[in-house]
Amino acid sequence: MAILRSLLLLSLAVFVFTSCRADPDPLQDFCVADFQTGITIDGFPCKPASNVVSDDFFFGGLANAGNTNNIFGSNITGGNVQSFPGLNTLGLSINRVDIAPGGVNPLHSHPRASEIVFVLKGELLVGFISTANVFYSKVLKAGETFIIPRGLVHFQYNTGKDNAVAITAFDSQLPGVVVAPLTLFGSKPAIPIDVLTKTFQVDASVIQLLMSKFGQATSPYN
């Protein structure tokens, strides 16, 4: 019953959350993404309605735990339009976040969406930094939620002794993600070392160490 109540609360939150979604309003019942046309637009063209099937509106990718065996100890399974084509033009998406004890969904931002974090299991410290450089955070337990405003840098960190699971919902079909350490120290081509040493006020050897660590790191986002 506790899980059922939690899922009902999440459904209500997503409904309210998406009533002011970031993506444009659709002009038809649905527009299942057609990835075969080769046409590039801001979004994806629609599959012909005659070819749409029930499975286009189904996604089972969040049912299984993600592999957290990486340097961050976390795994994010994405349920956005690229894996769930029925979301096209509907202005919402959903992720599953698995974090091992002591693991982190590292500092990152979503340039195209606000986010609601709903903890299903375990204990997570969730926080974001505003443009006024103020840090807001809360330790969440199962059944509790936290809002991340659009575009702000944020994280989730497992402060508990067991694996934690959260569901994150977004008001965009494709929120995008910028993972800070991978972006700064693992971009290709690399950001010039002089820029990074001046920005962070450290020696080049420190930047080179960080580049060696994150240059080949695997993103926790799937």
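The structure displayed is predicted, hence computed values, not measured ones. As a convention, each chain's residues are numbered from 1 in the sequence order in which they are written. Whole-chain, interface and lining totals are the exception, using all residues; otherwise, since this is a predicted model, local features are given only for residues with pLDDT of at least 70 and side-chain atom pairs are given and counted only at 80 or more. In computing side-chain properties, one takes all heavy atoms of the structure into account and sets aside hydrogens as well as water.

## Remarks on the environment of Ile 76
Looking at the element boundaries, Ile 76 is found in strand β1 (residues 74-79). For Ile 76, a relative accessible area of 1% corresponds to the buried category. The spacing of Ile 76 and Val 97 is 21 residues in sequence and 4.6 Å in space, taken between C-alpha atoms. For Ile 76, the contacting residues outside a window of four places in its chain are Asn 95, Arg 96, Val 97, Asn 105, Pro 220, Tyr 221 and Asn 222. Helix and strand assignments come from DSSP, with helices taken as H or I runs of at least 4 residues and strands as E runs of at least 2, each series counted from the N terminus. Buried, partly exposed and exposed residues are distinguished by accessible area as a fraction of the type maximum, computed with a 1.4 Å probe on protein chains only: under 20%, between the cut-offs, and over 50%, respectively. Here, two residues are considered to be in contact whenever any of their heavy atoms come within 4.5 Å of each other.

## Focus: the UniProt feature "binding site: oxalate" (unreviewed entry) in the protein
UniProt positions are given in the numbering used here, feature names are shortened, and annotations may be inferred rather than shown by experiment. As recorded in UniProt, the feature "binding site: oxalate" (unreviewed entry) lies at Asn 95, Asn 105, His 110 and Glu 115. Look at the named residues: they lie 21 residues apart in sequence, but the longest C-alpha span between them is just 13.9 Å, so in the fold they bunch up. Relative to the helices and strands, His 110 is located in the loop between β3 (104-109) and β4 (115-121). Apart from residues no more than four positions distant in its own chain, His 110 is found in contact with Glu 115, Arg 150, Gly 151, His 154, Phe 170, Pro 175, Gly 176, Val 177 and Tyr 221. Residues adjacent in sequence count toward polar contacts only when both atoms are side-chain atoms; beyond that, a polar contact is any pair of N or O atoms within 3.5 Å, and within protein one must be able to donate a hydrogen and the other to accept it. Within the structure, the side chain of His 110 is placed 3.4 Å from the side chain of His 108, a separation counted as a polar contact. Note on placement: Glu 115 falls in strand β4.

## Some thoughts on the packing of aromatic side chains
Here a Phe, Tyr or Trp ring, Trp counted by its six-membered ring, pairs with any other such ring whose centre lies within 6.5 Å, and the pair is stacked when the planes are under 30 degrees apart, edge-to-face when over 60, and tilted otherwise. Under the defined criterion, the tally for this structure stands at nine aromatic pairs. Geometrically, the ring pair formed by Phe 35 and Phe 44 is edge-to-face, given 5.0 Å between the ring centres and 80 degrees between the ring planes. For Phe 35, a relative accessible area of 39% corresponds to the partly exposed category. Assessed through its relative accessible area of 21%, Phe 44 is described here as partly exposed. Considering the side-chain rings of Phe 185 and Phe 200, the 5.8 Å spacing of their centres and the 40 degrees angle between planes classify their relative orientation as tilted. On the criterion of sequence distance, the pair formed by Phe 185 in helix α2 (residues 180-186) and Phe 200 in helix α3 (residues 193-200) is long-range, its members being 15 residues apart. Accessibility expressed as a relative area gives 38% for Phe 200, which makes it partly exposed.

## A few points about helix α4 (residues 204-214)
Buried within α4 are the following residues: Ile 207, Met 211 and Phe 214. Viewed end-on, α4 has its buried residues packed into an arc of 80 degrees, placing them on one side of the element. Turned more than 90 degrees off the buried face of α4, the exposed positions are Leu 209 and Ser 212. In this structure, the buried residues of α4 make contact with α2 and α3. What the arc describes is the spread of directions from the helix axis to the C-beta atoms.

## Concerning the sheet that holds strand β2 (residues 93-99)
If you walk across this open sheet you meet the five strands as β1-β2-β9-β4-β7, and the pairing is antiparallel. Both outer strands of the open sheet, β1 and β7 (145-148), are each paired with one neighbouring strand and no more. Sheet twist, expressed as the mean angle between neighbouring strand axes with direction ignored, is 20 degrees. Strand pairing is assigned whenever DSSP identifies at least 2 bridges connecting the two strands. Looking at chain direction, β4 and β7 are connected through four bridges and run antiparallel. By the bridge assignment, Glu 115 is partnered in β7 with Ile 148. Axis geometry follows a simple rule: fit a line to the C-alpha atoms, using only the stretch in contact for helices, then measure angles between N-to-C directions, giving values from 0 to 180 degrees.

## Points about the state of the cysteines
Defined simply, a disulfide is a covalent bond joining two cysteines at their sulfur atoms. Cysteine sulfur atoms that pair up within 2.5 Å are treated as a disulfide. The final tally for this structure, using the stated rule, is one disulfide. One disulfide in the model links Cys 31 with Cys 46; its S-S distance is 1.9 Å. What sets the handedness of the Cys 31 and Cys 46 disulfide is the S-S torsion sign, and at about -105 degrees it is left-handed. Of the two residues, Cys 31 sits in the loop between α1 (2-17) and β1 while Cys 46 sits in the loop between α1 and β1, which places them 15 residues apart along the sequence. Taking relative accessible area as the criterion, Cys 46 reaches 36% and is therefore assigned partly exposed.

## Side note on the pairing of β3
Side chains on a regular strand alternate between the two faces of the sheet. Both β3 and strand β8 (residues 154-158) contribute to a ladder of three bridges, which runs antiparallel. Residue pairing across strands places Asn 105 opposite Gln 156, the latter belonging to β8. Both β3 and strand β10 (residues 178-179) contribute to a ladder of two bridges, which runs antiparallel. Looking across to β10, one finds that Ser 109 is bridged to Val 178.

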